[in-house]
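A structural walkthrough
Here is how the chains run, residue by residue.
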Amino acid sequence: GVRFEDVALPRLVDAQLNGVDVGDPVAEEFFTLDGREAYTRLTLGRIDGVPVELAVTAMKKNQCTSDFVLVAPRGDKFAEAWTQVRSSIQEFQTE
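Read on for an overview of the structure. Since we're looking at a predicted model, the values are computed, not measured.

1. Quick notes on the side chain of Arg 41
- Considering the arrangement of structural elements, one finds Arg 41 in strand β2 (residues 36-47).
- Side-chain polar atoms of Arg 41 contact the backbone oxygen of Pro 10, separated by 3.5 Å.
- Leave out the neighbours within four places in its chain, and Arg 41 touches Pro 10, Val 13, Asp 14, Leu 17, Pro 25, Ala 27, Glu 28, Leu 54, Ala 55 and Val 56.

Here you go:
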C-alpha cells in the first residue's frame, strides 16, 4: 500500500530547492493556511548561473502535500510577482 511519511515542512521546502544553488534564507514564516500549519521560505539563488529570488511554500493536509514555488529575477520583478502569488496562496483551500 501507499506509505505516508510525516516530513517537517522545512524539509519539504528543502526538497523543492534541491539542485538550486541557494544561500541563506532571506525570510522564513510559519502561518496557517486552510486551517493547517504552512511554511514559506524566501531565498536568493542561482539557476544555471542566473541570479534569481525564490519563494517556496509547503503545507500538509489529510496526507497530502501542497507546494507552491515562485522563481523570478531578483528585485522588483520578484517583489511584484510575490505579491500576486502570496495573495493566491492565502486563498488556497482543499476539499
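2. Some thoughts on the pattern of salt bridges
- Going through the model one piece at a time under the given rule, you end up with 4 salt bridges.
- Between Arg 41 and Asp 14 there is a salt bridge, and its shortest N-O distance comes to 2.7 Å. Placement of Arg 41 in strand β2 and of Asp 14 in helix α1 (residues 9-16) is noted, with a sequence separation of 27 residues between them.
- For Arg 41, a relative accessible area of 10% puts it in the buried group.
- One salt bridge in this structure joins Lys 61 and Asp 34, with 3.1 Å as the shortest N-O distance. Linking Lys 61 in strand β3 (residues 50-61) with Asp 34 in the loop between β1 (21-33) and β2, this pair joins segments that are 27 residues apart in sequence.
- Residue classification places Lys 61 among the buried positions, given a relative accessible area of 18%.
- Overlapping salt bridges, with partners in common, bring together Asp 14, Glu 28 and Arg 41 in one network.

Analysis parameters
Residues numbered from 1 in each chain as written. Predicted model: local features only at pLDDT ≥ 70, side-chain atom pairs only at ≥ 80, totals over all residues. Heavy atoms only, no water. Helix = DSSP H or I, 4+ residues; strand = E, 2+ residues; numbered from the N terminus. Polar contact = N/O pair within 3.5 Å; in protein donor to acceptor, adjacent residues only side chain to side chain. Contact = heavy atoms within 4.5 Å. Salt bridge = Lys/Arg side-chain N within 4 Å of Asp/Glu carboxyl O. Buried < 20%, exposed > 50% of the residue type's maximum accessible area, 1.4 Å probe, protein only.

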